[in-house]
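Notes for the structure review
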Amino acid sequence: MIQNEDFQDELGNDHIATSAQTPMRSDAFAISDEEKIELIKKDVENILNTLGLDLTDDSLKGTPNRVAKMFVKEIFGGLNPNKKPSSSTFDNKYKYGEMLVEKNIVVYSTCEHHLLPIVGRAHVAYISNGTVVGLSKMNRIVDYYAKRPQVQERLNIQIVQELQKVLGTEDVACVIDAKHLCVNSRGIRDIESSTVTAEFGGKFKEDKVRREFLDYIKLDTQF
Ligand SMILES: [Zn+2]
């Protein structure tokens, strides 16, 4: 495998994921969030200084600290396993054995190749085997994995695998339709294009079940 910088650049531009796990070092949480914010603040200062900006200007003064806090506490907050939504489940009292679809879940994530936003919608479905989760749990799981430097395929797989674990069933599916600002606003600058990824587990691999799920996503919900 060629490991030069050009190759890495191209790999990033093609947005290829190398694994279903977010690549992290074992010492990722050896220092506290506060220590991370201090270090990143200095790094952001350095970037802005290198670009020739005057950091004594009132408008820019607070930027390094703001960006550092935003990285650690907000847009990359989902790297911290302590922030994973708790996995409380319920018995399926109603014996509802049909498909449950939670659609149009807003996705705000960040492309790990360019650190630019990924914005879109996730549609998640499962067929209960006796265990159900609160509806908002699916939104929280999507949000947790979205708050990492991501590749859309990996985000999609991580959402499905987590729900499979929580629900104790393979019968979980997720479709994500999202715009990548690194494609829309720079590089090829294709403002119209969006990226669709899908992961179908268990019964969702069957044509009929998958079709039903995709038909529900198409439903135009009016309220
Ligand atoms: Zn990108």
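In this text the structure is predicted, and so the values were computed from the model without any measurement. (Residues numbered from 1 in each chain as written. Predicted model: local features only at pLDDT ≥ 70, side-chain atom pairs only at ≥ 80, totals over all residues. Heavy atoms only, no water.)

1. Thoughts on the packing of aromatic side chains
Inspection of every chain in the model, using the stated rule, returns four aromatic pairs. Look at Tyr144 and Tyr145: their rings are 4.8 Å apart centre to centre, the planes differ by 75°, and that puts the pair in the edge-to-face class. Residue Tyr144 is classed as buried on the basis of its relative accessible area of 6%. Exposure remark for Tyr145: the relative accessible area of 8% places this residue in the buried category. Here the aromatic residues Phe200, Phe204 and Phe213 are joined through ring pairs into a cluster of three or more. (Phe/Tyr/Trp six-rings, centres within 6.5 Å; stacked < 30°, edge-to-face > 60°. Buried < 20%, exposed > 50% of the residue type's maximum accessible area, 1.4 Å probe, protein only.)

2. Overview of a nonpolar patch on the surface
Taken together, the side chains of Ile47, Leu51 and Leu53 make up a nonpolar region of the molecular surface, amounting to roughly 300 Å² of accessible area. Structurally, Leu53 can be placed in the loop between α2 (33–50) and α3 (58–61). Under the relative-accessibility criterion, Leu53 is labelled partly exposed at 37%. (Patch = residues over 30% accessible without salt bridge, like charges linked within 9 Å, V, L, I, M, F, W, Y side chains within 5 Å. Areas by Shrake-Rupley, 256 points an atom, 1.4 Å probe, with all protein chains shown as cover. Salt bridge = Lys/Arg side-chain N within 4 Å of Asp/Glu carboxyl O. Helix = DSSP H or I, 4+ residues; strand = E, 2+ residues; numbered from the N terminus.)

3. Quick look at helix α6 (residues 152–167)
Counted at 1.5 Å a residue, the expected span for α6 with its 16 residues is 22 Å, and the 23 Å between its end C-alpha atoms agrees. Turning to α6, its buried residues are Gln152, Arg154, Leu155, Asn156, Gln158, Ile159, Val160, Glu162, Leu163, Gln164, Val166 and Leu167. (Expected span 1.5 Å × (residues − 1).)

4. Remarks on the environment of Arg148
Summarising the element assignment, Arg148 is placed in the loop between α5 (135–146) and β5 (149–150). For Arg148, a relative accessible area of 9% corresponds to the buried category. Put simply, Arg148 and Ile47 are 101 residues apart on the chain and 21 Å apart in space, counted from C-alpha to C-alpha. In this view, Arg148 contacts Thr22, Ile75, Phe76, Gly78, Leu79, Ser109, Thr110 and Gln158; residues no more than four positions away in its chain are not counted. At 2.9 Å, the side chain of Arg148 and the side chain of Thr22 are in polar contact. (Contact = heavy atoms within 4.5 Å. Polar contact = N/O pair within 3.5 Å; in protein donor to acceptor, adjacent residues only side chain to side chain.)

5. Regarding the packing of α2 against helix α4 (residues 63–75)
Close contact between α2 and α4 brings their axes to 8 Å; oriented N to C, the two are set at 135°. Regarding the angle of α2 to α4, the classification is oblique. Crossing of α2 over α4 shows right-handed handedness. Residues Asp33, Glu34, Lys36, Ile37, Ile40, Lys41, Val44, Glu45 and Leu48 of α2 form the contact with α4, whose own contacting residues are Thr63, Pro64, Asn65, Val67, Ala68, Lys69, Phe71, Val72 and Lys73. For the contact of α2 with α4, the class distribution of residues is nine nonpolar, two polar and seven charged. (Axes fitted to C-alpha atoms, helices over the stretch in contact; angles between N-to-C directions. Parallel < 35°, antiparallel > 145°, perpendicular 65-115°, else oblique. Left-handed = near helix turned anticlockwise from the far one by under 90°. Nonpolar A, V, L, I, M, F, W, Y, C, P; charged D, E, K, R; others polar.)

6. As for the sheet that holds strand β3 (residues 117–127)
Read across the sheet, five strands follow the order β5-β2-β3-β6-β7 without closing on themselves; strand pairing throughout is mixed. The strands lining the two open edges of the sheet, one partner per strand, are β5 and β7 (195–200). Strand direction decides the pairing type here: strand β2 (residues 99–111) and β5, joined by two bridges, are parallel. When the sheet's bridge partners are listed, Cys111 is paired in β5 with Gln150. Sheet strands touched by α6: β2, β3, β5, β6 (172–180) and β7. Its angle to β6, the strand with the most contacts, is close to 155°. (Pairing = 2+ DSSP bridges.)

7. Topic: the pattern of salt bridges
A full pass over the atoms with the stated rule returns 11 salt bridges. Across the pair Lys147 and Asp143 runs a salt bridge whose closest N-O atoms are separated by 2.9 Å. Here Lys147 falls in the partly exposed class, since its relative accessible area comes to 30%. Note on Asp143: relative accessible area 31%, which makes it partly exposed. Between Arg211 and Asp215 there is a salt bridge, and its shortest N-O distance comes to 3.9 Å.

8. Comments concerning the side chain of Arg148
Despite its burial, Arg148 pairs with no opposite charge, the nearest such side chain being Glu162 at 8.2 Å. At 2.7 Å, the side chain of Arg148 and the backbone oxygen of Gly78 are in polar contact. (Lys, Arg positive; Asp, Glu negative; His and termini not counted.)

9. Side note on the nonpolar core
Membership of the largest hydrophobic core comes to 25 residues, with the highest contact counts inside it found for Val124, Ile159 and Leu163. Looking at this core, the elements with two or more residues in it are β2, β3, α5, α6 and β6. Here Leu163 is in contact with Val124, Met138, Ile141, Gly168 and Val172, once residues within four sequence places are set aside. Counting 10 residues, the second-largest nonpolar core is a separate cluster that includes Ile127, Phe200, Phe213 and Ile217. (Core = buried A, V, L, I, M, F, W, Y, C linked by side-chain atoms within 4.5 Å.)

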